[in-house]
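Report on the structure
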Amino acid sequence: MRLTSRDNLSRVMADIDQFRNSITDVAAPRALNALRDQAQTAGLREIAKVYEIGPRTMEKYVTVKLATGGDLEAEITVKGRGFPLSFFRPVPTDRGVRVMVKGRTFVIPHSFMVKRFGQHVFARGSYGGKYGGTPTGERFGRFVFTKGRLPIAELYSFAPPDCLANASVTAVMDDRVAEQAASVLAREIGAARRGF
């Protein structure tokens, strides 16, 4: 009687490597992208609460980068120079235009609206006072009001990146990722395992 021993260790090691690669190439990027989606949704909802700017409006300023097997990084980028005051329910008054920003109503002096431009708000002056005119000494943020007919510029509020950088918004996004990370990763690893 003769006994021979055979092993399939090399096959098992190859299968383990293939499974590890399927997690790295498939499960990890899918989990990161799912978590990015959840963080974005949570952040946009918090922005809607804090700034009263709806998620659909804010989405116009958002771009995303998806994670891939070769680049395990998902990003949310927000760009934009400022929201037009037309987003904040402007109403012309005798003293200027009344707007509601972050739950507060106030009048921007010397501002006006022109019917043919819809709800957009304008004033005589420029941002930083760099386009001439004699300054009146009054400001609206960086906007410097001037005397005379020109220059005329549209007024803007805070920028979309300022909304995303708000501490309460980032905290909500971080909390959502921390809360969901384990279950999302487990789900995606399970899906990769089934495909294996």
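Residues numbered from 1 in each chain as written. Predicted model: local features only at pLDDT ≥ 70, side-chain atom pairs only at ≥ 80, totals over all residues. Heavy atoms only, no water.

Grouped together as the largest cluster of nonpolar side chains are 27 residues, with contacts concentrated most on Ile47, Met58, Leu85, Phe88, Leu155 and Phe158. Among the elements that take part in this core, helix α1 (residues 9-51) stands out by supplying 4 residues, more than any other. (Core = buried A, V, L, I, M, F, W, Y, C linked by side-chain atoms within 4.5 Å. Buried < 20%, exposed > 50% of the residue type's maximum accessible area, 1.4 Å probe, protein only. Helix = DSSP H or I, 4+ residues; strand = E, 2+ residues; numbered from the N terminus.)

With the rule as written, the count across this model stands at 7 salt bridges. Residues Arg89 and Glu52 are paired through a salt bridge, measuring 3.2 Å at the closest nitrogen-oxygen approach. A residue pair is termed long-range when its members are at least 10 positions apart, and Arg89 in the loop between β2 (75-78) and β3 (91-93) and Glu52 in the loop between α1 and α2 (55-59) qualify at 37 residues. A salt bridge links Glu73 to Lys65; the shortest N-O distance between them is 4.0 Å. Residue class for Glu73 comes out partly exposed when judged on its relative accessible area of 39%. (Salt bridge = Lys/Arg side-chain N within 4 Å of Asp/Glu carboxyl O.)

In this structure, the largest pocket occupies an estimated 410 Å³ of space. Around the largest pocket, the lining is made up of 17 residues, and of these Arg81, Tyr127, Arg142, Glu154 and Tyr156 lie nearest the centre. Of all the elements in the fold, those that place two or more residues in the lining of the largest pocket are β7 (121-127) and β10 (152-154). Residue composition of the lining of the largest pocket, by class: 8 nonpolar, 5 polar and 4 charged. (1 Å grid on protein atoms, 1.4 Å probe; cavity = no way out; pocket = protein on both sides within 12 Å on 5 of 7 lines; lining within 4 Å. Points joined across faces, edges and corners; volume = space filled by probe spheres on them. Nonpolar A, V, L, I, M, F, W, Y, C, P; charged D, E, K, R; others polar.)

For the structure on display, the rule yields 9 aromatic pairs. Ring centres 5.7 Å apart and planes at 65 degrees place the aromatic pair Phe88 and Phe158 in the edge-to-face group. Taken as a pair, Phe88 in the loop between β2 and β3 and Phe158 in the loop between β10 and α3 (160-165) lie far apart in primary sequence, 70 residues in all. Here the two residues Phe88 and Phe158 agree in accessibility, since each one is buried. The rings of Tyr51, Tyr61, Phe83, Phe87, Phe88 and Phe158 are connected pair by pair, giving a single aromatic cluster. (Phe/Tyr/Trp six-rings, centres within 6.5 Å; stacked < 30°, edge-to-face > 60°.)

Within strand β9 (residues 143-147), 4 of the 5 residues are buried, leaving the element largely enclosed by the surrounding structure. Pairing analysis gives 3 bridges linking β7 to β9, with the strands arranged antiparallel. From the neighbouring strand, Ser126 faces β9, where its bridge partner is Val144. Linking strand β8 (residues 134-140) to β9, which pair antiparallel, is a turn of 2 residues; within it Gly141 sits at a positive phi near 65 degrees. (Pairing = 2+ DSSP bridges.)

A few words now on the sheet that holds β3. Spatial strand order, β3-β4-β5: 3 strands in an open sheet with antiparallel pairing. In this open sheet, the two strands that pair with only one neighbour each are β3 and β5 (104-109). If you compare each strand with its neighbour and ignore which way they point, the axes differ by 35 degrees on average. Relative to strand β4 (residues 96-101), β3 is paired through 3 bridges, and the arrangement is antiparallel. Within the sheet, the bridge partner assigned to Thr93 lies in β4 and is Gly96. (Axes fitted to C-alpha atoms, helices over the stretch in contact; angles between N-to-C directions.)

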